[in-house]
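Summary of structural features
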Amino acid sequence: MTIIENASTSRPFTFDNSYARLPQQFFTRQVPSQVAEPWLIKLNEPLAAELGLDVEMLRRDGAAIFSGNLLPDGADPLAMAYAGHQFGSFVPLLGDGRAILLGEVIDHNGQRRDIQLKGAGQTPYSRRGDGRAALGPVLREYIVSEAMYALGVPATRALAAVSTGQPVYRESILPGAVFTRVAASHIRVGTFQFFAARGDTDGVRALADYVIDRHYRELKDRDNPYIALYEAACERQAALIARWLQIGFIHGVMNTDNMAISGETIDFGPCAFMDTYNPGTVFSSIDQRGRYAYANQPGIGQWNLARLGETLLPLIDADAEKAVELANTVIQQYGERFQIHWLRGMREKIGLATVEDGDLELVQSLLAAMQAQQADFTLAFRRLSDASGSGDGEALFLSTFREPDAAREWLAGWRERLTRDDGRTEDDRAAAMRAVNPAFIPRNHRIEQAINAAVVDADFSLFEALLAVLAKPYDDQPGFAAYMEPPKPEERVLQTFCGT
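With respect to the pairing of strand β11 (residues 157-169)
Bridging between strand β3 (residues 39-43) and β11 involves 4 bridges; their strand directions are antiparallel. Paired with Leu 43 across the bridge in β11 is Ala 160. Note: β11 against strand β12 (residues 173-183), 9 bridges, orientation antiparallel. Bridge pairing links Val 168 to Leu 174 in β12. Counting the residues that bridge the hairpin from β11 to β12 gives 3 residues.

Quick look at the structure:
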């Protein structure tokens with residue numbers, strides 16, 4: 001392993017690796033494995049600058065660094081230990097099987113950020129895996145994570161994608177790649193479960209104290225910081241999952257080891273964005289029973305958070321019964337908090353700035369009509385934004401339904417409700433709606449087209465074009481209008497895959 005020494009006049013990475021200072025049972029130190037011929041597919045230069053990294057150096061040495069061939073001075077690479085419930089079944093030892101945390105940097109906003117390599121080789125947690133990643137899943141995660149960021153959804157970010165110049169062996173032989181992910185942290189519900197499953201209350205306490213110090217510093221002086229941590233984590237997840245539903249996002253594998261304590265969306269494996277609205281939509285090839293279907297995500301979030309609460313009980317109160325009572329109060333409030341976040345966002349999507357008792361029914365009746373008429377989720381709401389302003393927006397909205405007459409009655413009720421809303425002009429309301437109803441999402445068929453071009457022909461032009469479009473999801477971008485359209489029947493993607 002080659003080390004990049006920092007020049008006296010410049011530090012390409014300014015690491016401050018707090019997680020590496022935790023007790024040894026939290027992780028295993030692990031150096032990335034070498035790859036044959038690294039080539040830098042994509043460097044996210046704006047993000048690199050935000051992190052305070054030396055962009056010029058990364059243009060030169062990024063392929064070697066982000067493949068794991070060169071280790072920047074100050075890095076302290078490690079694989080994190082965690083457990084988790086996978087599709088409801090508890091696995092006491094999971095951990096980073098193909099991910100290695102290079103270290104942490106403090107960005108220009110003073111926030112601590114992890115820099116992690118995915119696909120950088122085997123770790124002690126790889127089990128029978130090779131620790132590598134194929135090019136397709138790397139490009140998928142790059143596209144979707146950056147799209148989520150542009151959509152305003154808390155999510156991990158993509159810093160770089162590197163081709164390794166060597167194959168990986170799955171159902172077929174595929175080109176290998178390494179993905180560099182940036183996160184507020186990679187601590188999961190499953191990280192707490194790892195220590196709780198071993199009866200290591202000191203480990204749970206050390207982890208909780210670390211999480212409070214890193215993500216919830218405002219809680220440090222609370223009388224009971226651990227119940228406050230539980231409340232705050234539940235609140236962030238309720239808000240996050242509400243945002244998922246408002247943009248038609250389906251995570252696909254909401255295991256407890258894929259739920260970040262920071263409140264970010266993490267692990268974009270078999271995720272997908274819904275085209276035709278159907279609450280039962282499932283894309284993940286491994287979700288045979290629809291556990292993580294679109295409409296199930298709020299309930300699964302609550303189930304996962306209940307597992308987090310179980311790990312915190314010894315910290316919440318020495319009296320076991322009182323600890324359970326306090327934790328149950330928090331988890332029972334989750335549903336109400338989710339509903340508040342979801343309905344607030346849905347009001348914005350249909351252009352309402354005020355609150356009335358019938359708003360929930362108005363939203364639900366629109367969704368029911370969309371489902372019955374197989375309307376495209378994203379396009380219908382975007383066209384509704386147009387219907388709020390001047391021009392032919394109403395006709396465009398109705399055209400998203402198979403039978404337009406089925407939506408006319410709802411449209412009339414909606415317009416009647418708008419008469420009791422605020423005093424905005426029609427065009428002002430339309431602009432506000434367009435700011436929350438994206439024109440562009442990373443549609444499955446577009447992602448697959450970009451991946452296929454890259455994997456089969458080493459052509460990354462579709463990948464680059466898709467990234468450019470998705471960077472401005474709320475803008476009209478007339479030159480890219482085709483990217484708004486749902487897939488044709490022959491273009492539909494019915495399954496997505498985890499990529500391991």
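Quick word on the nonpolar core
Counting residues in hydrophobic clusters, the biggest one holds 128 residues, and the most contacted among them are Tyr 19, Met 148, Phe 192, Met 370, Leu 384, Phe 397 and Trp 414. With 14 residues, the single largest contributor to this core is helix α6 (residues 225-246). With near-sequence residues (within four places) excluded, Met 148 lies in contact with Val 153, Ala 155, Trp 244, Ile 247, Phe 249, Thr 265, Phe 268 and Phe 273. Listed in part, the 29 residues of the second largest apolar core include Ile 65, Leu 102, Leu 117 and Val 182.

Here we look at α6
Its 22 residues give α6 an end-to-end C-alpha distance of 32 Å, which sits within 8% of 32 Å, the value for a rise of 1.5 Å per residue. Burial analysis of α6 places 17 of its 22 residues in the buried class, the great majority of the element. One or two positions beyond α6, positive phi appears at Gly 248, with a value near 75°.

With respect to empty space enclosed by the protein
This model, assessed by the stated rule, comprises 2 cavities of 30 Å³ or more. Taken as a whole, the largest cavity spans an internal volume of roughly 60 Å³. Forming the walls of the largest cavity are 13 residues, and the residues nearest its centre are Gln 237, Trp 244, His 251, Asn 258 and Met 259. It is α6 that provides the largest number of residues to the lining of the largest cavity, a total of 3 residues. In this structure, the second largest cavity occupies an estimated 30 Å³ of space. Lining the second largest cavity we find Arg 446, Gln 449, Ala 450, Leu 462, Leu 466 and Tyr 483. Of all the secondary-structure elements, those providing two or more residues to the lining of the second largest cavity are α14 (444-457) and α15 (461-470). Top element by residues in the lining of the second largest cavity is α14. It accounts for 3 residues.

Overview of the pattern of salt bridges
This structure, assessed with the given rule, holds 42 salt bridges. Between Arg 29 and Asp 76 there is a salt bridge whose closest N-O contact spans 2.9 Å. Of the two residues, Arg 29 is situated in strand β2 (residues 27-29) and Asp 76 in the loop between β4 (70-72) and β5 (78-80); the sequence distance between them amounts to 47 residues. The partly exposed category is assigned to Arg 29, whose relative accessible area is 41%. Here Asp 76 falls in the partly exposed class, since its relative accessible area comes to 22%. In this structure, the salt-bridge partner of Glu 104 is Arg 112, at a minimum N-O distance of 2.8 Å. Overall, Glu 104 belongs to the buried group, its relative accessible area being 1%. Here Arg 112 falls in the partly exposed class, since its relative accessible area comes to 22%. Residues joined by salt bridges that share partners form a network here, namely Arg 347, Glu 356, Asp 359, Glu 416, Arg 417, Arg 420, Asp 421, Asp 422, Arg 424 and Arg 429.

Here is what the cut-offs are and how they apply
Residues numbered from 1 in each chain as written. Predicted model: local features only at pLDDT ≥ 70, side-chain atom pairs only at ≥ 80, totals over all residues. Heavy atoms only, no water. Pairing = 2+ DSSP bridges. Helix = DSSP H or I, 4+ residues; strand = E, 2+ residues; numbered from the N terminus. Core = buried A, V, L, I, M, F, W, Y, C linked by side-chain atoms within 4.5 Å. Buried < 20%, exposed > 50% of the residue type's maximum accessible area, 1.4 Å probe, protein only. Contact = heavy atoms within 4.5 Å. Expected span 1.5 Å × (residues − 1). 1 Å grid on protein atoms, 1.4 Å probe; cavity = no way out; pocket = protein on both sides within 12 Å on 5 of 7 lines; lining within 4 Å. Points joined across faces, edges and corners; volume = space filled by probe spheres on them. Salt bridge = Lys/Arg side-chain N within 4 Å of Asp/Glu carboxyl O.

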